[in-house]
Amino acid sequence: MIAAPLRVAIVGRRGASALAGLRAAGATVTVVCDADPETVQRIGELAGVGAGGRLSRFADVLASDVDAVVVSTPMHLHASQSIAALEAGKHVLSEVTAAVTLEECRALAQVATAAARAGLVYMMGENCCYARENVLVREMVWRGTFGEVYYAEGEYLHDVKHLHHTADGGPTWRHVWQVGVNGCTYGTHSLGPAMQWMDAARGADAAPDPITSVSCHGAGRHTDPEHVMEDTVMMLCKLASGRLVGVRLDMLSNRPDCVNRYVLQGTAGAYESGRTEGDAGRLWCVESGARGWRSAGEFEDILPAWYRHMEGEGRSSGHSGADFATAWDFVRACRGMVSVPIGVREAVTWTAAGLLSQRSIALGGVPLAVPPFEAFLAEHAWGGLGEVGASRAGAGRGQLVMRLRAAASVEPEGWPLPAGYDIRPAAMDDAEGLARCLSVVFASGWDARRVYLQLLGCRDVSATSVVTHAGTVVATASVITLPATFPDAWCLHLVAAMPEHRGQHLGGAVSLAAMKRAQELQPRDFVLQTDDERSSAIATYLRLGFQPEYRRPGDAERWASVLAALLQVRMRGVEGGTG
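About the thresholds
Residues numbered from 1 in each chain as written. Predicted model: local features only at pLDDT ≥ 70, side-chain atom pairs only at ≥ 80, totals over all residues. Heavy atoms only, no water. Axes fitted to C-alpha atoms, helices over the stretch in contact; angles between N-to-C directions. Helix = DSSP H or I, 4+ residues; strand = E, 2+ residues; numbered from the N terminus. Parallel < 35°, antiparallel > 145°, perpendicular 65-115°, else oblique. Left-handed = near helix turned anticlockwise from the far one by under 90°. Contact = heavy atoms within 4.5 Å. Nonpolar A, V, L, I, M, F, W, Y, C, P; charged D, E, K, R; others polar. Polar contact = N/O pair within 3.5 Å; in protein donor to acceptor, adjacent residues only side chain to side chain. Core = buried A, V, L, I, M, F, W, Y, C linked by side-chain atoms within 4.5 Å. Buried < 20%, exposed > 50% of the residue type's maximum accessible area, 1.4 Å probe, protein only. Pairing = 2+ DSSP bridges. Salt bridge = Lys/Arg side-chain N within 4 Å of Asp/Glu carboxyl O. Phe/Tyr/Trp six-rings, centres within 6.5 Å; stacked < 30°, edge-to-face > 60°. Lys NZ or Arg CZ within 6 Å of the ring centre and 35° of its normal.

Moving on, we get to the packing of helix α8 (residues 188-200) against helix α12 (residues 344-362). The contact between α8 and α12 brings their axes to 10 Å, and the two run at 130 degrees. It follows from the interaxial angle that α8 and α12 lie oblique. In this structure, α8 meets α12 at a crossing whose hand is right-handed. Where α8 abuts α12, its residues Thr188, Leu191, Gly192, Met195 and Gln196 lie against Trp350, Thr351 and Ala353. Classifying every residue of the contact of α8 with α12 by side-chain character gives 4 nonpolar, 4 polar and no charged.

What follows is the structure, given as structure tokens:
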């Protein structure tokens, strides 16, 4: 019996590069989607998709009868669109990086892992893992050609300043997500092949060699100071085995491109890729008996048979055949012919390394621990996971959770503000004031750009309200959606009041205002996460109607201790005549 062709939707302009590989593997592209009509028409014509399959809305892709979705949109959409497609019962091939926050990494890990149990494939399309020489080197590592490998490095040196602005001078997504953040924001092209080599060195059946810590330094802003990112950043990844992987990223310096360059060192051999496009890499290994370097091309017969068969259309497709091979392997994985080559474990951990590099560089290059993949699957396994609900004192045991049922009344007027204070929805002009307030309360290095990315411009934040005094933001609260953690509820988020204005009950008032706005969008429960020692905040949440929720072993004892402490505070107030 011949299997029915895999029906695929291509979403985003980069997906056109997957066409040849999809076709060669027997898949059929039946839907193309992009917000730009010209892109839809161009890819639709290339793929032979009729007018009925040319879409402009991602929601219509999810409602279609396709079996798989190629997510090739701007990088800040990858996680949310991949999650939505998996939840709609579609296989997913996602462009890099897998996500742009650690919270997205956690959500993706949870959804993709659950989807895999239902037979769905999530694969990150890191095409550099399919570059011809990278596949050759991986095969040689498996064979032990390089002896014990202990160091690898990758470089992505690509001057793309011309892609940072639209024709009218506005910022593109690259301006915001690639060079609008300092750190190794786009490192999987370098990290992916190096990590595959390190894992290959452990043998086919051995467990992966995970990254356990990351540090990052920058060379300063010289070429284009408009951007937050430094011209060159260097990320160092320490693996559990003690091996080291270095990643250099530079998308700003004035220089000819040397887009991808790689190095591998072992006890019995070494590899260095060419410096410019078209240059062959070179190899040296003890077993060859040669005293000097040899061209990597001399070892072509070591390439696996499946890769050597990709001639003609395959080798002439995008990135010298790497795009072809990525798409071809994805289809084979969807059909169960091979295990998923770059699954959610690799996608999340490689992406998380780059995200943590952004914290490291902000802290002067200090090494930061990278959680094991299993931590992303657990609700509270690592308190530093993501900006949302990040616990400080109680990180090791997770935060306490409180819930307010949807049926409860959410009326801001029931919590009046003192004279001289005003409450309203946050505006873009409030970014600086919000940054000051959040930095004082959470000590997390907030600035106006971070406020925009994680609050005012974040698609997951449904409402942000502020309290002002003499025109200055003095308190704030937001409501966010966390579908992987709390699929049935809004989450009260980043409640903060400046210390000099505490005692005015601003936190309660601004929380109610944000909650009211969210409830108008959709009546749902509210949840929040808090630390045991935040007794004043917990007292406010209790007054708002939130109740403790017991989600983990030990929560009952923790809540008993917290509530007992609150009762003692209240009793002291009564005894002192203030209750």
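Time to look at the side chain of Glu549. Following the sequence through the fold, Glu549 ends up in strand β22 (residues 547-549). A polar contact is formed between the side chain of Glu549 and the side chain of Arg403, at a distance of 2.5 Å. Setting aside chain neighbours within four positions, we find Glu549 in contact with Val401, Met402, Arg403, Arg405, Asp555 and Trp559.

A few words on the nonpolar core. One finds Leu22, Tyr122, Leu191 and Val245 to be the most contacted residues of the largest nonpolar core, which totals 116 residues. Dropping the residues within four chain positions of it, Tyr122 is found in contact with Ser82, Leu86, Val92, Ser94, Ala98, Leu108, Ala112, Val340, Ile342, Gly343, Val344 and Ala347. Met402, Ala431, Val467 and Phe486 belong to the second largest nonpolar core, which has 57 residues in total.

So, about the sheet that holds strand β14 (residues 294-295). Neighbouring strands of a sheet are bound in pairs by backbone hydrogen bonds; such pairs are parallel or else antiparallel. If you walk across this open sheet you meet the 9 strands as β14-β13-β12-β11-β7-β10-β9-β8-β15, and the pairing is mixed. Each edge of the open sheet is held by one strand with a lone partner, namely β14 and β15 (368-369). One ladder, built from 4 bridges, connects strand β12 (residues 269-272) with strand β13 (residues 282-285); its direction is antiparallel. Opposite Tyr271, over in β13, you have Leu283 as the bridge partner.

Tallied over the entire structure, the rule returns 26 salt bridges. A salt bridge links Arg7 to Asp67, with the shortest nitrogen-to-oxygen separation between them at 3.0 Å. Placement of Arg7 in strand β1 (residues 7-11) and of Asp67 in the loop between α3 (58-63) and β4 (68-71) is noted, with a sequence separation of 60 residues between them. Residue class for Arg7 comes out partly exposed when judged on its relative accessible area of 32%.

Turning next to the packing of aromatic side chains. One pass over the structure, following the stated rule, counts 7 aromatic pairs. Consider the rings of Tyr130 and Trp306, whose centres lie 6.4 Å apart with planes at 75 degrees: the pair is edge-to-face. With Tyr130 in the loop between β6 (122-124) and α6 (132-142) and Trp306 in helix α9 (residues 305-308), this residue pair connects regions lying 176 residues apart in the sequence. Aromatic side chains Tyr541 and Phe546 sit 6.1 Å apart centroid to centroid with 65 degrees between the ring planes, which places their arrangement in the edge-to-face category. Look at Phe546 and you get buried, because its relative accessible area is 0%. Linked through ring pairs, Tyr130, Trp306, Tyr307 and Trp328 together constitute an aromatic cluster. Of note, Arg332 hangs over the ring of Trp306, and the distance from its end group to the ring centre comes to 5.7 Å. Directly above the aromatic system of Trp490 lies the positively charged group of Arg524, at a separation of 5.1 Å from the ring centroid.

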